[in-house]
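Here is what each chain is made of, one letter per residue.
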Amino acid sequence: MLGERVVGGKKCSEVLGLLSRYLDGDLDADEHRWVVTHVEGCAACASFGSRFAEAIARLREEAAREGLPEGVGARLKARLRSAQSG
Amino acid sequence: MQDHPDAHAEAALIAQARAGDPGAFDALVEAHQRAVFRFARALTHNDALAEDVLQETFLSALEGLGAWRAESSFRTWLLVIARNAALKHRRRDRERPGEQEPDFETLGRDAGWGDVDSPERIAASHEAASAVTRALASLDVEAREVLTLRELEGLSGDETARLLGLSLAAMKSRLHRARLAFVAALRAEQGHHAR
Ligand SMILES: [Zn+2]
């Protein structure tokens, strides 16, 4: 990383390693404070952190959007019907 | 999940289906077929194979309904069946055994970590949809699998770890790696398709 910095007592790479657990609300109080303090003083990590969170939010939106491809549901139903009757 | 029925209503449906009511089983299929297909596709990377896995999953579920226990959600139970079915189909030759897992920093750099000169934005939701699909599809099967379970199916960390046969810590590490790889892939997609 270009000029990895120490901000709030933590290096950028240490904060990078905590980002998922931060996003999931899974950090203990100390870790949470490290991330927040670091990001307040490090523009690169602040920018990457919001990009990271936004990308994961986009991924979650996919669940609502996706349907079954044409015909898949009907063929499943037919297969189950023949299993149930036979 | 929006298509996820509540647990009580679902337990009632399962009881009816066990008693031989085909309408009740249809309702269960209706509620879960999208999730099972999505997961099967993440595992097989192939719509035709995913459809086979979907059918096998519900056929096994129909036969094995008596084996379902209320401790696990019905959806998780189906996903376990789907995973076993998909593993039988998975073409080993596409995997890369023994390859070293990249560390978070390597993955992070690909995802734009530390890239102070490129404050590019993630595209608006409607533009991003197909890029998201392509980015997810470009990842390796382990990454697609953990992301599908956690971000698309909305399983808890514990459920995901159990389903994958991993410790919670190992699952979290795999998830973080997968998310970084996804951010990198999405960035590449949007870079290639930006105006
Ligand atoms: Zn930093």
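Residues numbered from 1 in each chain as written. Chains lettered and ligands numbered in written order. Predicted model: local features only at pLDDT ≥ 70, side-chain atom pairs only at ≥ 80, totals over all residues. Heavy atoms only, no water.

J.: I'd like to hear about the overall build of chain A, residue by residue, with values.
T.: A count of helical and extended segments in chain A gives four helices and two strands. Reading the helices (α) and strands (β) of chain A from amino to carboxyl end gives β-β-α-α-α-α. Here the C-alpha radius of gyration of chain A, 22 Å, is well above what a compact globule of 86 residues would show, namely 12 Å. For chain A, the C-alpha atoms occupy an extent of roughly 70 × 25 × 20 Å along the three principal directions. In chain A, which comprises 86 residues, the share counted as buried stands at 35%. Here the analysis covers contacts within chain A between residues at least 6 apart in sequence; of these, 55% occur between residues at least 24 apart. Accessible surface computed for chain A: about 4500 Å², of which carbon and sulfur atoms make up 51%. Distance from the positive charge centre (13 side chains) to the negative charge centre (13 side chains) of chain A: 8 Å. (Helix = DSSP H or I, 4+ residues; strand = E, 2+ residues; numbered from the N terminus. Rg over C-alpha atoms; globule rule 2.2 N^0.38 Å. Buried < 20%, exposed > 50% of the residue type's maximum accessible area, 1.4 Å probe, protein only. Contact = heavy atoms within 4.5 Å. Areas by Shrake-Rupley, 256 points an atom, 1.4 Å probe, with all protein chains shown as cover. Lys, Arg positive; Asp, Glu negative; His and termini not counted. Charge placed at Lys NZ, Arg CZ, Asp CG, Glu CD.)

J.: A description of the interface of chain B and chain A should follow, citing residues and the corresponding values.
T.: Every contact between the two is made by 51 residues of chain B and, on the other side, 43 residues of chain A. Buried area between chain B and chain A, both sides added, is near 4300 Å², and the carbon and sulfur share of it is 63%. Linking chain B to chain A there are six salt bridges. Measuring nitrogen to oxygen at the nearest pair gives 2.8 Å for the salt bridge that ties Arg-60 of chain A to Glu-151 of chain B. Our enumeration of links across chain B and chain A arrives at ten residue pairs in polar contact (both at pLDDT 80 or more). Those elements giving two or more residues to the side of chain B that touches chain A turn out to be helix H2 (22-44), helix H3 (47-64), helix H5 (104-110), helix H6 (125-137), helix H7 (141-152) and helix H9 (168-193) of chain B. Partitioning the side of chain B that touches chain A into residue classes produces 27 nonpolar, nine polar and 15 charged. (Buried area = accessible area lost by both parts, 1.4 Å probe. Salt bridge = Lys/Arg side-chain N within 4 Å of Asp/Glu carboxyl O. Polar contact = N/O pair within 3.5 Å; in protein donor to acceptor, adjacent residues only side chain to side chain. Nonpolar A, V, L, I, M, F, W, Y, C, P; charged D, E, K, R; others polar.)

J.: A description of helix H8 (residues 157-164) of chain B should follow, citing residues and the corresponding values.
T.: Residue and element names in this part refer to chain B. Within the sequence span of H8, burial applies to Gly-157, Thr-160, Ala-161, Leu-163 and Leu-164. The arc enclosing the buried residues of H8, seen along the axis, measures out at 165 degrees, which places them on a common side. One or two positions beyond H8, positive phi appears at Gly-165, with a value near 70 degrees. (Arc of directions from axis to C-beta.)

J.: Outline the confidence of the model for chain B, listing residues and values.
T.: For chain B, mean pLDDT is 85; residues scoring 70 or higher make up 83% of the total. For this predicted complex, the interface score ipTM comes out at 0.91, alongside a pTM of 0.83. (pLDDT = per-residue confidence, 0-100.)

J.: Outline the coordination of the zinc ion, listing residues and values.
T.: Residue and element names in this part refer to chain A. Coordination sphere of the zinc ion, protein contribution only: Cys-12 (SG), His-38 (NE2), Cys-42 (SG) and Cys-45 (SG), at 2.1 to 2.3 Å. For the zinc ion, the four donor atoms in the first shell make angles of 101 to 113 degrees at the metal, a pattern classed as tetrahedral. Here the donor residues for the zinc ion map to a single chain with the spacing C-x25-H-x3-C-x2-C. Taken together, the positions of Cys-12 in helix H1 (residues 12-23) and Cys-42 in the loop between helix H2 (29-41) and helix H3 (43-65) put the pair 30 residues apart, joining distant regions of the chain. Owing to a relative accessible area of 1%, Cys-42 belongs among the buried residues under this scheme. (Donors = N, O, S within 2.8 Å, 3.2 Å for Na, K, Ca; no water. Tetrahedral: all angles 85-135°; square planar, octahedral: opposite > 155°, others 65-115°.)

J.: I'd love a proper account of the packing of aromatic side chains, names of residues and values included.
T.: According to the stated counting rule, one finds four aromatic pairs over all chains in the structure shown. A ring pair is formed by Phe-48 of chain A and Phe-52 of chain A, whose centres lie 6.1 Å apart and whose planes are at 40 degrees; its orientation type is tilted. Taken together, the positions of Phe-48 of chain A and Phe-52 of chain A, both in helix H3 and four residues apart, correspond to about one turn of that helix. Neither residue differs from the other here; Phe-48 of chain A and Phe-52 of chain A are each classed as buried. Grouped by ring-pair contacts, the aromatic residues Trp-68, Phe-74 and Trp-77 of chain B constitute a single cluster. We note Lys-10 of chain A situated over the ring of Trp-34 of chain A; from NZ or CZ to the ring centre the distance is 3.8 Å. (Phe/Tyr/Trp six-rings, centres within 6.5 Å; stacked < 30°, edge-to-face > 60°. Lys NZ or Arg CZ within 6 Å of the ring centre and 35° of its normal.)

J.: Please give an account of the nonpolar core that cites residues and values.
T.: With 71 residues, the main nonpolar core has Phe-48 of chain A together with Phe-25, Phe-58, Phe-74, Leu-147 and Phe-182 of chain B as its most contacted residues. Per-domain counts for this core show at least three residues from each of domain 1 (7-92) and domain 2 (104-190) of chain B. With near-sequence residues (within four places) excluded, Phe-48 of chain A lies in contact with Leu-16 and Leu-19 of chain A together with Gly-108, Ala-111, Gly-112, Trp-113, Leu-180 and Val-183 of chain B. (Core = buried A, V, L, I, M, F, W, Y, C linked by side-chain atoms within 4.5 Å. Domains from an automatic or database assignment.)

J.: An account of the pattern of salt bridges is needed here, citing residue identities and associated values.
T.: Enumeration according to the criterion identifies 19 salt bridges over all chains in this entry. Among the salt bridges present, the one from Arg-179 of chain B reaches Asp-24 of chain A, with a minimum N-O distance of 3.0 Å. Placement of Arg-179 of chain B in helix H9 and of Asp-24 of chain A in the loop between H1 and H2 is noted, with the two residues assigned to different chains. Each member of the salt-bridge network shares a partner with another, and the members are Asp-24 and Arg-60 of chain A together with Arg-150, Glu-151 and Arg-179 of chain B.

J.: Would you mind going over the domain arrangement of chain B in detail, with residue names and values included?
T.: All names here are of chain B. What the domain assignment lists for chain B is domain 1 (7-92) and domain 2 (104-190). Measuring from the centre of the C-alpha atoms in domain 1 to the corresponding centre in domain 2 gives 25 Å. Linking domain 1 to domain 2 there are two salt bridges. Here Arg-38 makes a salt bridge to Glu-153, at a shortest N to O gap of 2.8 Å. When contributions to the side of domain 1 that touches domain 2 are tallied by element, the ones reaching two or more residues are H2 and helix H4 (74-89).

J.: Would you mind going over H2 of chain A in detail, with residue names and values included?
T.: Residues and elements named next belong to chain A. Under the 1.5 Å per step criterion, the end-to-end length of H2 is 19 Å for 13 residues, consistent within 8% with the ideal 18 Å. Within the span of H2, buried status applies to Glu-31, Val-35 and His-38. Each buried residue of H2 lies within a common arc of 75 degrees when the element is viewed along its axis, so the set occupies one face. Across H2 from its buried face, at more than 90 degrees, point the exposed residues Ala-29 and Glu-40. (Expected span 1.5 Å × (residues − 1).)

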